[in-house]
Amino acid sequence: MTAAPVVLCLNAGSSSLKFSLYEDDDRCLAEGAVEEIGRDGTRAWIRRGEGASEKISGRFADHGAAVAGVFALLGRHGLPEPVGVGHRLVHGGESHAAPERVTPALLTALRRLVPLAPLHMPSGLAGVEAVAAKYPMVPQVVCFDTAFHRDLPEVARRLPLPSSLPSAALRRFGFHGLSYEYVVSRLGAAPGRTVIAHLGNGASMAAVRDGRAVDTTMGLTPAGGFMMGTRTGDLDPGVLTYLMREAGYEAERLDRLVNRESGLLGVGGSADMKTLLERRDRDPEAAQAVAMFCYQARKTIGALAAGLGGLDTLVFTGGIGERAAPVRAAICEGLGHLGVRLDPARNAAHAETVSATGSPCTVRVIDTNEELMIARHCRAVLFPTKSKATR
C-alpha cells in the first residue's frame, strides 16, 4: 500500500458499475467499469493511466459480484488496495446533504429514500452493501447528488402544494450535484451568471450565480425537468390522472412510463442520442426526438437565464453535452438574444470554448468528473487533516 491515501470511487447504475482509483494528489491510477450486470454478455474493462484498456468477458450476476470483480481487477494489475471507498448516491433527502461515513443507521435511513429515486438508489445502495459484506474493514463514504442544491432559495425550492403537506420533504432537491460541483471548480472564481447543462441519459440544468446554485430543473425526483433518455421530464399532472382514471394505470405502471419508457426512447425508439443522430435523416421519429430534446433544452436555458437576470456563461457537460456537437448547435440556435453565438469550427472540434470571438456570452464544453469529486469528499471525511479543500 502506498503512503498516500488511495481511495476507490464507485458509481453504480441500474446495470453498471463505474470505478476509479485515486491517489492523494488527485492522480487517477486506474478507471473502468462493469457493464450489463445481471445479463448475458457482461463485460468489464480497466485502464491504467494513459495506457490501453483491458477488456474482460464474463457474467456478473449482481452488483455484489461486480464489486468483487472490481477488487479482483485492481489486484490483477498490482494496484494498491484502497483505504476507503466512496460512492455516489443520487438522493440524500432532507436530512443528508454533506458526504457521510457509512454506518448501519445511515443505510437504514437511506433505504427509506428509494421511492424518491427508484431508478438509481437501489443500485447505489447495493454497491455500498456489497463492499460492506465482502470487505467489512474498509471504511466507506457516500456522496449525495442533491448536496450542491442544498441552499436553493425558498422561491425556487418550494413546490406549489398546500401548506398542510410537509414542505420540507416535498420540495425541489435537484440532482447531478457532483457534476455541477466539478464544473464550478473548473470555471474558477466568480463566473457570474451561469447555466450549466448536464446532458446525458439523465439530463438537467442548474442556474448558478457566482458559484452557488440558485435554481435547477429536476425536482423531488430525477424524473423532473426536460425530456431525457427514458424519462418524461416535466409532465402535465393531468396526463397521469387521466391514465389512472381512464386506462387503469396504477403506481408501478406510471413509474415505468415516466422513468423507463418515455423521453428519447418513447419518441424516437432509442435512448441513445448518437444512434438518433445517425438515424434522423431517414427516420422521422428519430428526427422528432432530437428536435424535441433540443427545443426543450433551449427553452430551459432561456427560463434559467430569466431567473438569473441574464447570462454570462453557458456550459455543456455530460455525455451528450460533451460529445454531440450537432445537439449543442441546435440548442444554441435561437439564443442570440442572450448573447449566445457559437463558432461552428470550434464546436465541431469540441473545443473547450466554442463561442464565437467577441460573443457576449461565453459557451464552454467541460468534461465532467464526478469520480474525482467523490475521491476528494471521501478523503475529506476519512482523512480530514490530509485532504484538500473541495470548494
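Here is a short report on the structure shown in this document. (Residues numbered from 1 in each chain as written. Predicted model: local features only at pLDDT ≥ 70, side-chain atom pairs only at ≥ 80, totals over all residues. Heavy atoms only, no water.)

1. Focus: the nonpolar core
If you look at the biggest cluster of nonpolar residues, it comprises 56 residues, and the most contacted ones within it are Leu-199 and Phe-293. Residue contributions to this core peak at 10 residues, all from helix 10 (residues 284-308). Contacts of Phe-293, omitting those with residues within four sequence positions, involve Leu-199, Ala-203, Phe-226, Met-227, Leu-264, Met-273, Ile-320 and Val-327. If you look at the next biggest cluster of nonpolar residues, it comprises 26 residues, including Leu-17, Ile-56, Phe-60 and Leu-79. (Core = buried A, V, L, I, M, F, W, Y, C linked by side-chain atoms within 4.5 Å. Buried < 20%, exposed > 50% of the residue type's maximum accessible area, 1.4 Å probe, protein only. Helix = DSSP H or I, 4+ residues; strand = E, 2+ residues; numbered from the N terminus. Contact = heavy atoms within 4.5 Å.)

2. Concerning the state of the cysteines
Where two cysteines share a covalent bond between their sulfur atoms, that bond is called a disulfide. Under the counting rule described, the total for this entry stands at zero disulfides. Take Cys-28: it sits in no disulfide, and the sulfur closest to it among the cysteines is that of Cys-9, at 8.3 Å. Not engaged in a disulfide, the cysteine Cys-378 finds its nearest cysteine sulfur in Cys-9; these two sulfurs lie 6.7 Å apart. Under the relative-accessibility criterion, Cys-378 is labelled buried at 0%. (Disulfide = S-S within 2.5 Å.)

3. A short note on the sheet that holds strand 5 (residues 53-57)
The sheet built from eight strands is open, its strands ordered 5-4-3-2-1-6-8-7 with mixed pairing. Edge strands, defined here as strands with exactly one partner in the open sheet, are strand 5 and strand 7 (100-101). Relative to strand 8 (residues 140-144), strand 6 (residues 84-89) is paired through five bridges, and the arrangement is parallel. If you follow Val-85 over to strand 8, its bridge partner there is Gln-140. Of the strands in this sheet, strand 1 (7-12), strand 2 (16-22), strand 3 (28-35), strand 4 (43-47), strand 5 and strand 6 touch helix 1 (residues 63-76), which is tilted by about 35 degrees from strand 2. (Pairing = 2+ DSSP bridges. Axes fitted to C-alpha atoms, helices over the stretch in contact; angles between N-to-C directions.)

4. A word on the packing of helix 2 (residues 104-111) against helix 3 (residues 121-134)
A packed helix pair is summarised by two numbers, namely the angle formed by the two axes and the spacing between the axes. Put simply, helix 2 and helix 3 touch, their axes get as near as 11 Å, and they point 165 degrees apart. As the angle between them shows, helix 2 and helix 3 are arranged roughly antiparallel. For the element pair helix 2 and helix 3, the recorded crossing hand is left-handed. Facing helix 2, whose interface residues are Leu-107, Leu-110 and Arg-111, helix 3 presents Met-121, Leu-125, Val-128 and Glu-129. (Parallel < 35°, antiparallel > 145°, perpendicular 65-115°, else oblique. Left-handed = near helix turned anticlockwise from the far one by under 90°.)

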